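Summary of the model geometry
Here is how the chains run, residue by residue.
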Amino acid sequence: LPAGVTAVDGRFERGDPVEVRDVAGRLLALGLAAYSAADAGRIAGRKSGEIEALLGYRGREEMIHRDDLVLQR
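Throughout, a residue's number is its position along its own chain's written sequence, starting from 1. With pLDDT at 70 or above as the cut-off, local features in this predicted model cover only qualifying residues; side-chain atom pairs require 80 or more to be listed or tallied, and sums for whole chains, interfaces and linings still use all residues. Water and hydrogen atoms were dropped before computing side-chain values, which therefore reflect all heavy atoms in the structure.

Looking at the pairing of strand E2 (residues 27–32)
In this sheet, E2 lies alongside strand E1 (residues 17–21) in antiparallel orientation, the contact comprising five bridges. What sits directly across from Pro-17, in E2, is Leu-32. Whether two strands pair comes down to DSSP finding at least two bridges between them. Only runs of H or I of at least four residues qualify as helices and only runs of E of at least two qualify as strands under DSSP, and these elements are numbered from the N terminus. Linking two consecutive strands that pair antiparallel, namely E1 and E2, is a turn of five residues; a positive phi of about 90° is found at Gly-25 within it. For E2 and strand E3 (residues 69–71), the ladder comprises three bridges, and the chain directions are antiparallel. In the strand pairing of E3, Ala-29 is matched with Leu-71.

Written out as C-alpha cells, the structure reads:
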C-alpha cells in the first residue's frame, strides 16, 4: 500500500519489475509496479483512498499487488 512506501527511486513504468528494499537497503522482494515511478512518488506515504485525488484517476490500492510479488529470503 502507498502508506508504507517511504521512497521511490529510479525510473520505471507501470508493469515493470521493481525491487522492494527496507530502510537499510536490504532486498525484501521483487514485484511488478502498479504505477510509474512518477505516479508512485506522488502517492508514496499516502492513504489508498487519496490516490484518485492525487493522480486524477482511480488506480489500484496497492503499489505492488501480492499476486505480482515474490518475497526474498
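So, next bit.
Topic: the environment of Phe-12
Residue placement: Phe-12 occurs in the segment before E1. Each residue is placed in one exposure class: buried if its accessible area under a 1.4 Å probe, protein chains only, is under 20% of its type's maximum, exposed if it is over 50%, and partly exposed if it falls in between. Phe-12 sits in the buried class, given a relative accessible area of 15%. As for Phe-12 and Arg-46, which are separated by 34 residues in sequence, their C-alpha atoms are 20 Å apart. Residue contacts follow a heavy-atom distance rule, with two residues in contact if any of their heavy atoms lie within 4.5 Å. Here Phe-12 is in contact with Val-18, Ala-33, Tyr-35, Ser-36, Ala-37 and Ala-40, once residues within four sequence places are set aside.

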